[in-house]
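Residue-level listing of the chains:
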Amino acid sequence: METVAAAPRAKKRKTEEAPGRQEPEEINRISDLPDAILGEIISFLPTKDGARTQTIASRWRHLWLAAPLNLEINCLPADERSQAAVISRILASHPGPARRLSVRAMYLLHRPAMLDAWLRSPALDSLQELEFDVLPRMPWPTLPASAFRSAALRVITISKCHLLNSVVETLRFPQLRQLELEVVNISERALHNIIAGCPVLEYLLLNGSFGFNCLRINSPSLVGIGMCSGELIIEDAPLLRRLLQFKSHMGLRKISVISAPKLETLGCLSDHGYDSELVFGTTIIQVVSLTTVVSTVKILAIRIYLSLDMVLNLMRCFPCLEMLYIESCVSKDRNLWRRKHRNIMSCFDIRLKTIVLKNYRGTKSQVNFASFFVMNAKRLELMRFEGEVYNDDPIFMAEHLKLLQLENRASRCARLSFTNVRRCLHNLTHIKHVRDLSITNPFECTC
């Protein structure tokens, strides 16, 4: 257990206030900011709060109408008729431009003509962010072409909708940087057409979407990709740094990486659940059989039946690996290593600095696995054990620090940490929105 010495607290000085001294009046410094800055601040407020700034003072009266519009339906009255009336008034009175429109697609089912009129409003001519969502247990609507008429769109998030070929095959988004399709029905041709029409697209998230079998990526701008089904072929992605596979009942059948010279973050690879494989160049890499070397990957997440042999093979494939996240299942492998791998350190350089072992219960297999890295990883800085039970028990922690032979650790700066993760609802990949693909390490829990 580490202890940190607290800095001595400074002694409070007794001050004598001059007789008759009065407290200074409060100064409203925010109103002294330029209109442009105040407008940006207002554009990030919820719709209702942004409109209310008109009542602060005469100085603020014109700012909301001059600021980029943030129109979020969830912030308006829950009654659909009242909500629709408020939206119509806002779009009629606000001259634009609009920063963001977040709307429930129920209007496509109940008031399609009204929604189409909203989307064609002059206030949305230069819309930058578009979000469409459908409430649970509602029929899936088909989005109209008017939803995508703004050439200034930078972020598109669509959930539980149909995208027709006739609507999207000619679309071009010259400024689009983030695209999220969550449980969206879209054909393979339409999907390829959208991506081809986004010359500066940086982040692509396809979570549960269907209607396509294979996605081929040829993009000079993509930095992060997240998928959970079908087949993915990275033909040429010179800037790609993060490639993420989400856990689903379908699973990615095959991931082929032909050219991604900057790929640093990869996961989640699995040795169970799906018949999937990972291909780099012309070499097939399966979690159970690795025969090639990928030197750029530094962060890796895997879901396996805990096996030291398998992880060592992975490390030979990714020799520059610095951070390893493991979601382990109960394994019959006892992970005995003292005889089998006693000479491994003479020919194997372990560069790992961080190891996170999820679902830790303190089984013999897990203890043997972890002790190998405690006693052999010379650059190890942190090994964290995450579990739902026992990990916050001081007796359990003290016992396992002995079993893991912390005193004999190869890295004198290595720390062992036991955490309880009952509150975390995610698996290994912590991605809630397409913008999260910009996070360098998406496997680190921030719940």
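Relevant structure appears above.
Residues numbered from 1 in each chain as written. Predicted model: local features only at pLDDT ≥ 70, side-chain atom pairs only at ≥ 80, totals over all residues. Heavy atoms only, no water.

S.K.: A description of the pattern of salt bridges should follow, citing residues and the corresponding values.
M.R.: Tallied over the full model, the rule gives 17 salt bridges. R59 is the salt-bridge partner of D35, the closest N and O atoms lying 2.7 Å from each other. Taken together, the residues D35 in helix α1 (residues 35-43) and R59 in the loop between α2 (47-52) and α3 (63-66) connect sequence positions 24 residues apart. Given the relative accessible area of 36%, D35 is considered partly exposed. Overall, R59 belongs to the partly exposed group, its relative accessible area being 28%. Residue R99 pairs with E129 through a salt bridge whose shortest N-O separation is 3.3 Å. With R99 in strand β2 (residues 98-104) and E129 in strand β3 (residues 129-133), the pair connects residues that are 30 residues apart, well separated along the chain. (Salt bridge = Lys/Arg side-chain N within 4 Å of Asp/Glu carboxyl O. Helix = DSSP H or I, 4+ residues; strand = E, 2+ residues; numbered from the N terminus. Buried < 20%, exposed > 50% of the residue type's maximum accessible area, 1.4 Å probe, protein only.)

S.K.: Go over the nonpolar core with me, naming the residues and quoting the values.
M.R.: Counting residues in each nonpolar core, the largest one holds 116 residues, and the members touching the most others are F132, F148, I158, I217, F318 and F373. A per-element tally of this core places helix α9 (residues 308-317) first, with seven residues. Discounting residues that sit within four places of it in the chain, F318 has contacts with L266, F280, V294, V297 and L300. Counting 16 residues, the second largest nonpolar core, distinct from the first, contains V223, F246, V356 and L428. (Core = buried A, V, L, I, M, F, W, Y, C linked by side-chain atoms within 4.5 Å. Contact = heavy atoms within 4.5 Å.)

S.K.: Would you mind going over the packing of aromatic side chains in detail, with residue names and values included?
M.R.: In this structure the tally under the stated criterion is 11 aromatic pairs. Between the aromatic rings of Y107 and W118, the centroid separation amounts to 5.0 Å while the plane-to-plane angle is 70°, which identifies the pairing as edge-to-face. Residue Y107 is found in helix α5 (residues 106-110), and its partner W118 is found in helix α6 (residues 112-119); the two are separated by 11 residues along the sequence. Measuring from centroid to centroid gives 5.9 Å for Y325 and F443, while their planes differ by 45°, and the two rings are tilted. Here the residue Y325 occupies a position in strand β18 (residues 323-329), and F443 occupies one in the segment after β21 (415-420), the gap between them amounting to 118 residues. Residue classification places F443 among the buried positions, given a relative accessible area of 3%. Clustering of aromatic rings is evident, with ring pairs tying together Y360, F385, F396 and F418. Between the NZ or CZ atom of R99 and the centre of the ring of F44, over which it lies, the distance is 4.1 Å. (Phe/Tyr/Trp six-rings, centres within 6.5 Å; stacked < 30°, edge-to-face > 60°. Lys NZ or Arg CZ within 6 Å of the ring centre and 35° of its normal.)

S.K.: An account of the pairing of β3 is requested, with residue identities and associated values reported.
M.R.: The pairing of β2 with β3 spans five bridges and is classified as parallel. Among the inter-strand pairings, R104 is bridged to a residue of β3, identified as D133. When β3 meets strand β4 (residues 155-159), the two strands line up parallel, connected through four bridges. From the neighbouring strand, F132 faces β4, where its bridge partner is I158. (Pairing = 2+ DSSP bridges.)

S.K.: Help me get a handle on α1, residues and values and all.
M.R.: Listing the buried residues of α1 in full gives L38, G39, I42 and S43. Taken around the axis of α1, the buried residues stretch over an arc of 140°, which confines them to a single face. Residues of α1 that are buried in the fold lie against α2, α3, β1 (69-72) and β2. (Arc of directions from axis to C-beta.)

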